[in-house]
Amino acid sequence: MKRDNKVRILVGTRKGTYVVEGDPSRRHWKVGPAAHVGSEVYHVVADPRHPGDIYAAVNSGFWGPTVQRSRNWGKTWKEIATPLSPMQKDRKPLFDDSGNQNEVERPIANLWHIEPGRPSEPDVLYLGADPHLLFRSSDLGASWAPNRAMNEHPKRKDWSPGAGGACLHTILLDPRSPDRMYVGLSAVGTFRSDDNGESWTPTNRGVEAPFLPDKHPETGQCVHDVAMDAADPDTFYRQDHGGMYVSHDRMGRWTRIGKPLGDDFGFTVASPSTAPGRAYFVRLDGMARVTGEGHFQVHEWNDRTRRWRKLLSPAAFPGHFGVHREGIATDTLDPPGIYVGTTTGHLFVSPDAGRSWQLVRYSFPGIHSVSVASPGAR
Amino acid sequence: MLDVHLDSWLREFGPRSHEKIAADSVDQLLDALESRYPRLRFKLRDETGQLRRYVRVFVDGEDVSATTGVATPLTQAESIDILHSIAGG
């Protein structure tokens, strides 16, 4: 399809997928009909290399996970290939002759994240799944190949799931280097590959694991979300179970930045391409897992001044809102738009980098995922 | 030949509500169904070959999902129901 001038918010919910259309003013929105009704949709993302193409990670409670694609901005959808757990052909019994459980005997529980490849590799997609699996497609999802270095990692037996499952939920591609990429795994941490996924190096130095006896292990940190700074792909912003962090050296070392906020728990972070050095976090109460102090709030980190700014007053949107790891997105316009979907089904939009906010007038099912397709995205 | 009755929710993957299939086990029955309707693959069984959590198979009215499962012999069976279980309520 041709590029157009619309801004589209792609919303994955507990009960289906929605495409919300607006114009570049980002003040008027029209919610389209639901697709994948009844299924948990953990991630919906547009492919900026192929305008009109949208991918959805659809997890049916009855019929299992599927990858779905639309080629017309969500008007119609079709199931495409779904990756399989690497043990599919073995069909080993659940227990071996000695009564020990075969640890490999586990199907894919849920699909978590779909990442379109770089502009230089227009048919490549990456996909993260539970249990801690990474796949790559070189034919736009007609088939999937397992990333063996990750899916057969020798330390896998030591990896545990987080509360949301054993999800591989973050996939970040260095735009300058076809060989460098990063992944984030719940209750395991982050890894970097400098050889196009042939090997993976843990990158969790400096991140505290307050829930483990060893507070600074090589892996075991529960990363919730990571965003790459678009202007400086060596800089990353991280929302971990143990707080908010920044790294300026390709995840070589992390520095905690969230302590001035008090409780710096949360699940999500985004960094817009038109605001280098800025990152947006949704701070949650660490026990209740909803926005603290009884109101919706977003915090802006300015990495140049190393200061925080709270974007919303307590009176703006009172209430307790949960936000999942894919629940925040930014667009490619200037000033950047910020979009936040909540577990209460509210969709908040700021068209001006957080200065003003509105609610899209629609009650969605609980929102898992928000992403944006905006004019000019490549 | 077995009388196979299928959940109406499965129609989006191809099968009619009633199919006639010859099979000696639940596994064979599902293989035959998937052969006729490839989009059913991995919808009833996961990639380890086990029935998905909320899929129920009844053999002559008896739920075998949580007992003999896909290994259930069908040599004496006449009627199969494949349904989704209640989830909630």
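Moving on, we come to the interface of chain B and chain A. Residue-level contacts link 20 residues of chain B with 15 residues of chain A. Buried surface at the junction of chain B and chain A, summed over both partners, amounts to about 1,500 Å²; 61% is from carbon and sulfur atoms. Glu79 of chain A is paired through a salt bridge with Arg39 of chain B; the nearest N and O atoms lie 3.5 Å apart. Summed over the shared surface of chain B and chain A, the result is four residue pairs in polar contact (both at pLDDT 80 or more). Taken together, the residues of the side of chain B that touches chain A sort by class into eight nonpolar, four polar and eight charged.

Residue and element names in this part refer to chain A. Tallied over the entire structure, the rule returns 20 aromatic pairs over all chains. Seen in terms of ring centroids, Trp159 and Phe191 are 5.9 Å apart; in terms of plane orientation they differ by 50°. Their pairing is tilted. Residue Trp159 is located in the loop between helix 1 (148–151) and strand 12 (168–173), and its partner Phe191 is located in strand 14 (residues 189–193); the two are separated by 32 residues in the primary sequence. Just as Trp159 is buried, Phe191 falls in that class too. Lying over the aromatic face of Trp73, Arg8 brings its terminal NZ or CZ to 4.0 Å of the ring centre. Above the plane of the ring of Trp254 lies Arg238, whose end atom (NZ or CZ) is 5.0 Å from the centre.

This part is about the layout of surface pockets. Residue and element names in this part refer to chain A. Empty space within the second largest pocket amounts to approximately 1,100 Å³. Around the second largest pocket sit 38 residues that line it, and Ser60, Gly61, Phe62, Trp63 and Gly64 are the ones nearest its centre. Across the lining of the second largest pocket, the residue classes tally to 15 nonpolar, 12 polar and 11 charged.

The rules we used
- Residues numbered from 1 in each chain as written.
- Chains lettered and ligands numbered in written order.
- Predicted model: local features only at pLDDT ≥ 70, side-chain atom pairs only at ≥ 80, totals over all residues.
- Heavy atoms only, no water.
- Contact = heavy atoms within 4.5 Å.
- Buried area = accessible area lost by both parts, 1.4 Å probe.
- Salt bridge = Lys/Arg side-chain N within 4 Å of Asp/Glu carboxyl O.
- Polar contact = N/O pair within 3.5 Å; in protein donor to acceptor, adjacent residues only side chain to side chain.
- Nonpolar A, V, L, I, M, F, W, Y, C, P; charged D, E, K, R; others polar.
- Phe/Tyr/Trp six-rings, centres within 6.5 Å; stacked < 30°, edge-to-face > 60°.
- Helix = DSSP H or I, 4+ residues; strand = E, 2+ residues; numbered from the N terminus.
- Buried < 20%, exposed > 50% of the residue type's maximum accessible area, 1.4 Å probe, protein only.
- Lys NZ or Arg CZ within 6 Å of the ring centre and 35° of its normal.
- 1 Å grid on protein atoms, 1.4 Å probe; cavity = no way out; pocket = protein on both sides within 12 Å on 5 of 7 lines; lining within 4 Å.
- Points joined across faces, edges and corners; volume = space filled by probe spheres on them.

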